[in-house]
Amino acid sequence: MAGDSKMSSGFIAKFSCLIKNQKVASESVHGAQFAKKELSKLCDSCVEEDKICTCGDLSRVVIQKQNGGHDQVKANSSFAHSVINMAGMLIGLGQLSTPYAVENGGWMSVFLLVGLGIICAYTSHLMGKCLRKSSKSKDYQDIGQEAFGIKGRVIASTFIYVEIFLALVSYTISLSDNLSTVFRGTHISLHGLHLSTYQLLTLIAVLVAVPSLWLRDLSSISFLSSGGIFMSFLIFVTVAWTAAFGGIGANKAIPVLQVKNIPTISGLYIFSYAGHIVFPNIYTAMKDPSKFTKVCIVSFALVTAHYTALAFMGAKLFGRTVSSQITLSMPPHLLATKIALWATVLTPMTKYALEFAPIALQMEHNFPSSVGPGARRIARGTTGSVLLIGILVLALSIPYFEHVLALTGSLISITISIILPCAFYLRICPSQVTIPVLLLNILLIAIGVGLAVVGTISSSKSLVESIRRGHSINLN
């Protein structure tokens, strides 16, 4: 009995690095197993495309006590800490494309950016209500199951894992684009490999990142993700510095409105707000969960202001020449540009292990107990390596960042951030739903479905056209 408790406690200690200032005290086998289960559930939610692996529970303090057979879980995340966690989760890869989106959609499309931010803040609030209604729900999949049974869990999990895959493809395309700019003028070739210089550079970078997929100590992954969020803020700072001191006149004209591009850029905008899969863990980590709605409001207000400022700075600086990634438009001779490019290059390399973590943990969870740790490690690393090589091949085959990002936003992110939260709320909290609230949520679902359909069609067409154009150029 004591031996089992020590083994479980050791397992917990190894993984407690995911949670800042976490203390785990197991005074019984049952308590240790409970803590292990809780940590496993939290890790399954470390999914976010492009965002820091907080698990939403950086301040969670889990204390197991043998108190009448019940386990007590104490959360210790303050209001300010929760705001930082949520804002950090939201700011990621999507910020690179906001200047491109404003330039192509017109300055009035910023109202769409702000509107989607308000809607996503509201749907985050709905998720908080679902969590208050059902104490058993701890993550996004749990909410899906509470609302629609096992089918709800399967649907939620499917969308989450597809988003992970497409986000990794987008990261790899971004890595390739920025590497080719960093090493502009460099020519590399390997005998027997018919790859261009930028493809070889991307291959080398991905191979460098492959060993991180074999990591079993998740403290390293958490460290990498912290570096990723720092680099996201660094990109904003370098763009702001370029606007202020780069010697470029920020006086380019921005079109008023280009309606034909709205379906595509709506996908770019919504991708930037996709963080809902981790919000339940931020809620459960809060010292005072009743303030979760205020956390949502403050976080989304800060992030929306961040995106709007970056969008206008980039669009006014570069006008029609702005690239789908703002870093590719910055003057190559500036030190700020070099910093921004390297930050964008390094960010994907810090994300691969983090994004793969929930898949790996779920896979290990499904292994029979007879499978030893060595075999689990090999299976984990091999699966991750094969998946990453597949993502690399796909990214090099369709190197069209803006179209892949828009497709991900329209096809997946809208569903995760708008449609499903509204549907979950109507199902879980029917007693709280008044007629106006019912009509509002039905309207939001309709808006989400509409944007998803037209955005998916538009971005898919643009992606196919770009692929055909690319093949035509290669043939010529």
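This is a predicted model, so every value here is computed, not measured.

Asks: Which residues make up the overall build of the protein chain, and what are the values?
Replies: In terms of helices and strands, the protein chain carries 15 helices and 2 strands. When each of the 476 residues of the protein chain is scored for burial, the buried share is 54%. Restricting to contacts in the protein chain with at least 6 residues of sequence separation, those with at least 24 account for 82%. For the protein chain, the exposed surface amounts to about 20000 Å²; the carbon and sulfur share of it is 66%.

Asks: Give me the lowdown on the pattern of salt bridges, citing residues and values where you can.
Replies: Any two side chains of opposite charge can pair, given that their charged atoms come close. In total, this model carries 1 salt bridge according to the counting rule given. Between arginine 153 and aspartate 142 there is a salt bridge, and its shortest N-O distance comes to 2.1 Å.

Asks: I'd like a description of the environment of tyrosine 198, backed by residues and values.
Replies: Among the structural elements, tyrosine 198 can be located in helix α7 (residues 197-209). Residues contacting tyrosine 198, with those up to four places away along its chain left out, are Ser176, Ser180, Leu396 and Pro399.

Asks: Break down the packing of aromatic side chains for me, citing the residues and quoting the values.
Replies: Applying the stated rule across the entire model yields 8 aromatic pairs. Arranged with centres 5.8 Å apart and planes meeting at 50°, the rings of tryptophan 241 and phenylalanine 245 form a pair that is tilted. With tryptophan 241 and phenylalanine 245 both in helix α8 (residues 218-245) and 4 residues apart, this pair spans about one turn of that helix. By relative accessible area, tryptophan 241 is classed as partly exposed at 39%.

Asks: Explain helix α9 (residues 262-271) residue by residue, including any values.
Replies: Most of α9 is tucked away: 8 of the 10 residues are buried. Within α9 the residues assigned to the buried category are Thr264, Ile265, Ser266, Gly267, Leu268, Tyr269, Ile270 and Phe271.

Asks: Any chance you could break down a nonpolar patch on the surface for me, citing the residues and the numbers?
Replies: Together, Trp107, Met108, Phe111, Val256, Leu257 and Val259 give the surface a local cluster of nonpolar side chains, amounting to about 590 Å² of exposed area. Within the fold, valine 259 resides in the loop between α8 and α9. Taking relative accessible area as the criterion, valine 259 reaches 58% and is therefore assigned exposed.

Asks: Please set out the nonpolar core residue by residue, giving values where relevant.
Replies: Met86 and Tyr140 are the most contacted members of the largest nonpolar core, which totals 107 residues. For this core, the element with the most residues is helix α14 (residues 401-428), which contributes 15 residues. Residues contacting methionine 86, with those up to four places away along its chain left out, are Phe279, Ile282, Phe292, Val295, Cys296, Ser299 and Phe300.

Asks: Run through the packing of helix α6 (residues 140-182) against α14, naming residues and quoting values.
Replies: Contact pair α6 / α14: the axes reach a minimum separation of 10 Å and the direction vectors enclose 165°. Classified by the angle between their axes, α6 and α14 sit roughly antiparallel to one another. Seen from above, α6 lies across α14 with left-handed handedness. The residue inventory of the contact of α6 with α14, partitioned by class, reads 22 nonpolar, 6 polar and 4 charged.

Asks: Account for the confidence of the model for the protein chain, with residues named and values stated.
Replies: Chain-level pLDDT for the protein chain is 80 on average; 80% of the residues reach the 70-or-more range. In the predicted structure, residues 1-73 sits below a pLDDT of 50 and forms 175 contacts with residues beyond four places in sequence or in another chain.

Asks: Hey, could you go over the side chain of asparagine 441 for me, with residue numbers and the actual values?
Replies: Take asparagine 441: it is sitting in helix α15 (residues 435-475). A distance of 3.1 Å separates the side chain of asparagine 441 from the side chain of tyrosine 122, its partner in a polar contact. Here asparagine 441 is in contact with Tyr122, Leu126, Cys422, Tyr425 and Leu426, once residues within four sequence places are set aside.

Asks: Talk me through the side chain of threonine 308; I want residue IDs and the actual numbers.
Replies: Residue placement: threonine 308 occurs in helix α11 (residues 292-318). Within the structure, threonine 308 has its side chain in polar contact with the backbone oxygen of threonine 304 (distance 2.7 Å). Setting aside residues up to four positions removed in sequence, threonine 308 forms contacts with Val110, Leu113 and Val114.

Asks: Please give an account of the packing of helix α5 (residues 110-133) against α11 that cites residues and values.
Replies: For any two helices packed against each other, the geometry comes down to the angle between their axes and how far apart the axes lie. At a closest axis distance of 9 Å, the pairing of α5 and α11 adopts a crossing angle of 160°. On the basis of the axis angle, α5 is roughly antiparallel to α11. For the element pair α5 and α11, the recorded crossing hand is right-handed. The segment α5 lies against α11, with Val110, Leu113, Val114, Gly117, Cys120, Ala121, Ser124, His125 and Gly128 engaging Phe292, Thr293, Cys296, Phe300, Thr304, Tyr307, Thr308 and Phe312. A per-class count over the contact of α5 with α11 returns 10 nonpolar, 7 polar and no charged.

Asks: Can you break down the state of the cysteines residue by residue, with the values?
Replies: The full count for this structure, using the stated rule, is 0 disulfides. The cysteine cysteine 422 is free of any disulfide, with cysteine 120 supplying the nearest cysteine sulfur at 9.6 Å. Under the relative-accessibility criterion, cysteine 422 is labelled buried at 0%. Summary of cysteine pairing: cysteine 429 is not part of a disulfide, and the nearest cysteine sulfur, belonging to cysteine 130, is at 4.6 Å.

Parameters and conventions
- Residues numbered from 1 in each chain as written.
- Predicted model: local features only at pLDDT ≥ 70, side-chain atom pairs only at ≥ 80, totals over all residues.
- Heavy atoms only, no water.
- Helix = DSSP H or I, 4+ residues; strand = E, 2+ residues; numbered from the N terminus.
- Buried < 20%, exposed > 50% of the residue type's maximum accessible area, 1.4 Å probe, protein only.
- Contact = heavy atoms within 4.5 Å.
- Areas by Shrake-Rupley, 256 points an atom, 1.4 Å probe, with all protein chains shown as cover.
- Salt bridge = Lys/Arg side-chain N within 4 Å of Asp/Glu carboxyl O.
- Phe/Tyr/Trp six-rings, centres within 6.5 Å; stacked < 30°, edge-to-face > 60°.
- Patch = residues over 30% accessible without salt bridge, like charges linked within 9 Å, V, L, I, M, F, W, Y side chains within 5 Å.
- Core = buried A, V, L, I, M, F, W, Y, C linked by side-chain atoms within 4.5 Å.
- Axes fitted to C-alpha atoms, helices over the stretch in contact; angles between N-to-C directions.
- Parallel < 35°, antiparallel > 145°, perpendicular 65-115°, else oblique.
- Left-handed = near helix turned anticlockwise from the far one by under 90°.
- Nonpolar A, V, L, I, M, F, W, Y, C, P; charged D, E, K, R; others polar.
- pLDDT = per-residue confidence, 0-100.
- Polar contact = N/O pair within 3.5 Å; in protein donor to acceptor, adjacent residues only side chain to side chain.
- Disulfide = S-S within 2.5 Å.

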